Amino acid sequence: MESGIDLQGQFITALETLGLNHDLAKLLWLPLPMLIMLVVATVGVLVAVWLERKISAAVQQRIGPEYIGPLGILAPLADGLKLLFKEDILPANSDPWLFTLGPAVVVIPVFLSYIIVPFGQNLLISNLAMGVFLWIALSSIAPIGLLMSGYASNNKYSLLGGLRAAAQSISYEIPLALAVLAVAMMSNGLGTLEIVQQQSEYGILSWNVWRQPIGFLIFWIAALAECERLPFDLPEAEEELVAGYQTEYPGMKFALFYLGAYVNLVLSALLVSVLYFGGWDFPIPLHFIADALGVPETNPFLQIAFAVLGITMTLVKAYFFIFLAILLRWTVPRVRIDQLLDLGWKFLLPVGLVNLLLTAGLKLAFPVAFGG
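These remarks concern the structure in this document. (Residues numbered from 1 in each chain as written. Predicted model: local features only at pLDDT ≥ 70, side-chain atom pairs only at ≥ 80, totals over all residues. Heavy atoms only, no water.)

**Regarding the overall build of the protein**
1) Next: When helices and strands are counted, the protein shows 16 helices and 0 strands.
2) Next: Relative to the globule expectation of 21 Å for 372 residues, the C-alpha radius of gyration of the protein, 22 Å, shows essentially globular dimensions.
3) Next: Projecting the C-alpha coordinates of the protein onto the three principal axes gives extents of approximately 70 × 60 × 45 Å.
4) Next: Residues counted as buried form 48% of the 372 residues belonging to the protein. (Helix = DSSP H or I, 4+ residues; strand = E, 2+ residues; numbered from the N terminus. Rg over C-alpha atoms; globule rule 2.2 N^0.38 Å. Buried < 20%, exposed > 50% of the residue type's maximum accessible area, 1.4 Å probe, protein only.)

**Thoughts on the pattern of salt bridges**
1) Next: A full pass over the atoms with the stated rule returns 8 salt bridges.
2) Next: Its salt-bridge partner being Arg329, residue Glu52 comes within 3.4 Å of it at the nearest N-O pair. Of this pair, Glu52 sits in helix 3 (residues 32-59) while Arg329 sits in helix 15 (residues 300-329); the two residues are 277 residues apart in sequence, bridging distant segments of the chain.
3) Next: Its relative accessible area of 5% is what places Glu52 among the buried residues.
4) Next: Take Arg329: its relative accessible area is 30%, and that puts it in the partly exposed class. (Salt bridge = Lys/Arg side-chain N within 4 Å of Asp/Glu carboxyl O.)

**A short note on a nonpolar patch on the surface**
1) Next: A contiguous nonpolar surface patch, about 500 Å² in accessible area, is contributed by Leu46, Ile68, Leu71, Ile73, Leu74 and Leu77.
2) Next: Along the chain, Leu74 turns up in the loop between helix 3 and helix 4 (75-84). (Patch = residues over 30% accessible without salt bridge, like charges linked within 9 Å, V, L, I, M, F, W, Y side chains within 5 Å. Areas by Shrake-Rupley, 256 points an atom, 1.4 Å probe, with all protein chains shown as cover.)

**Things to note about the packing of helix 11 (residues 213-226) against helix 13 (residues 251-276)**
1) Next: For the pair helix 11 and helix 13, the least separation of the axes is 10 Å and the interaxial angle reads 170 degrees. Taken together, helix 11 and helix 13 sit at an angle that is classed as roughly antiparallel. In this structure, helix 11 contributes Gly215, Phe216, Phe219, Trp220, Ala223 and Glu226 to the contact, and helix 13 contributes Asn264, Ser268, Leu271, Val272, Leu275 and Tyr276.
2) Next: The class makeup of the residues in the contact of helix 11 with helix 13 is 8 nonpolar, 3 polar and 1 charged. (Axes fitted to C-alpha atoms, helices over the stretch in contact; angles between N-to-C directions. Parallel < 35°, antiparallel > 145°, perpendicular 65-115°, else oblique. Contact = heavy atoms within 4.5 Å. Nonpolar A, V, L, I, M, F, W, Y, C, P; charged D, E, K, R; others polar.)

**Here's the deal with unusual backbone geometry**
1) Next: Positioned with a positive phi, Leu71 is a non-glycine residue whose angle comes to about 60 degrees.
2) Next: Position of Leu71 relative to the elements: it lies in the loop between helix 3 and helix 4.
3) Next: The backbone of Asn93 shows a phi angle near 65 degrees, a positive value even though the residue is not glycine.
4) Next: As for its position among the elements, Asn93 is in the loop between helix 4 and helix 5 (96-112).

**Regarding the nonpolar core**
1) Next: Of all hydrophobic cores here, the largest spans 57 residues; its most connected members are Tyr114, Trp135, Phe216, Phe219, Leu275, Tyr276 and Phe277.
2) Next: Among the elements of the structure, helix 3, helix 5, helix 6 (131-139), helix 8 (156-187), helix 11, helix 13, helix 15 and helix 16 (337-365) are those that each provide at least two residues to this core.
3) Next: Residue contributions to this core peak at 11 residues, all from helix 13.
4) Next: Leaving out residues up to four positions away in the same chain, Phe277 has contacts with Gln199, Trp207, Val209, Phe216, Val272, Lys317 and Phe321.
5) Next: Formed by 8 residues, the second largest nonpolar core is a distinct cluster that contains Ala152, Tyr245, Tyr249 and Phe257. (Core = buried A, V, L, I, M, F, W, Y, C linked by side-chain atoms within 4.5 Å.)

**Overview of the side chain of Ser268**
1) Next: Relative to the assigned elements, Ser268 resides in helix 13.
2) Next: Once residues lying within four places of it in the same chain are set aside, the contact partners of Ser268 are Trp135, Phe219, Ala223 and Cys227.

**Observations concerning helix 13**
Because an α-helix completes one turn every 3.6 residues, residues spaced three or four positions apart along the sequence face the same direction.
1) Next: Across its 26 residues, helix 13 extends 38 Å between first and last C-alpha, which sits within 8% of the 38 Å expected from 1.5 Å per residue.
2) Next: Across the 26 residues that make up helix 13, a large majority, 20, are buried.
3) Next: Gly278 lies just past helix 13 and shows a positive phi near 75 degrees. (Expected span 1.5 Å × (residues − 1).)

**Some thoughts on the packing of aromatic side chains**
1) Next: Under the criterion given, the structure shown has 15 aromatic pairs.
2) Next: When the centroid spacing of 5.1 Å and the interplanar angle of 55 degrees are considered together, the rings of Phe277 and Phe321 count as tilted. Residue Phe277 is located in the loop between helix 13 and helix 14 (286-293), and its partner Phe321 is located in helix 15; the two are separated by 44 residues in the primary sequence. Across the pair, exposure class does not vary: Phe277 and Phe321 are buried alike.
3) Next: With a centroid separation of 5.4 Å and an interplanar angle of 75 degrees, the aromatic rings of Phe320 and Phe321 are classed as edge-to-face. (Phe/Tyr/Trp six-rings, centres within 6.5 Å; stacked < 30°, edge-to-face > 60°.)

**Section: the packing of helix 5 against helix 7 (residues 142-152)**
1) Next: Relative to each other, helix 5 and helix 7 sit at 155 degrees, their axes nearing to 8 Å. What the angle tells us is that helix 5 and helix 7 run roughly antiparallel. Regarding helix 5 and helix 7, the two cross each other, and that crossing is left-handed. Note on element contacts: helix 7 touches helix 5 through Ala142, Gly145, Leu146, Met148, Ser149, Tyr151 and Ala152, opposite Leu98, Phe99, Leu101, Gly102, Pro103, Val105 and Val106. (Left-handed = near helix turned anticlockwise from the far one by under 90°.)

See the structure below:
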């Protein structure tokens, strides 16, 4: 299998050709992956927030933001500036350390998860052998931050919101992991590059969604629950908990929760496209296109065109699922907390186990089609 490009090695080599020594070049590299993740994730969030406003307006037959920049595209920036200049208040009798650390514990793991998202064969920050389960491990840290925030706020509604967030995450983390395990079983690996490459041989016909329709539905439902999107926004139900764990948070601390929710939504949509819809792959195999044009696949201009097409396809697939998540928010009513937990424990968990068993059987019976 061709590995992802060694971005660190190429960067250090380029600086060494300019006269810098190896240690200094390596030191200059260290902040770059984090900066790349921050920029990509932040731009994705700004687009998602703008889409949320415009799609929800269309669903409700209204216009939405129009005058904050062309078509209201600067509305997310206006939201950020407003929250940036709000006063930072610490509630009386709260735990100041936990109250401050809570939002950071929620946001940082979600940003770190972007290192495993591939936008092309040579376009990812780190090709980790257990990339998908690193994401699952990091996503399980966020509820600890929500519980810290609710406990430290000295507010009963906030504490209930934090407890709900922890219960919801535990309930849906297991079905999510089972769905991912079925994909990993077919791909014979847990790296995101391996999973996409296993889907690339026959174009759209080899995408995992056809071989794992049940797993895809489990993954998407569990991902929405992990992102606390309606109908699974029980930890911050305004009618019941006055916004739950974030009730006492002002300004930028509240903005971190807001940012973390949308960063997690964009990340989940990207991983749906990678795990089940071929990632950067075009519906028609690219070597067919190269053969039709009479151009070898090693042609540098063709490789650049394929790289741009791969990034575009990944984003198009991801934002289609963001569109679906936004539509669900304005279509489906919120479930009760007992219904939420019943769905996770009594339905998704046994269905996920059966799906994993079926995948193992099909892998043995039809090794060519199921990655044997």
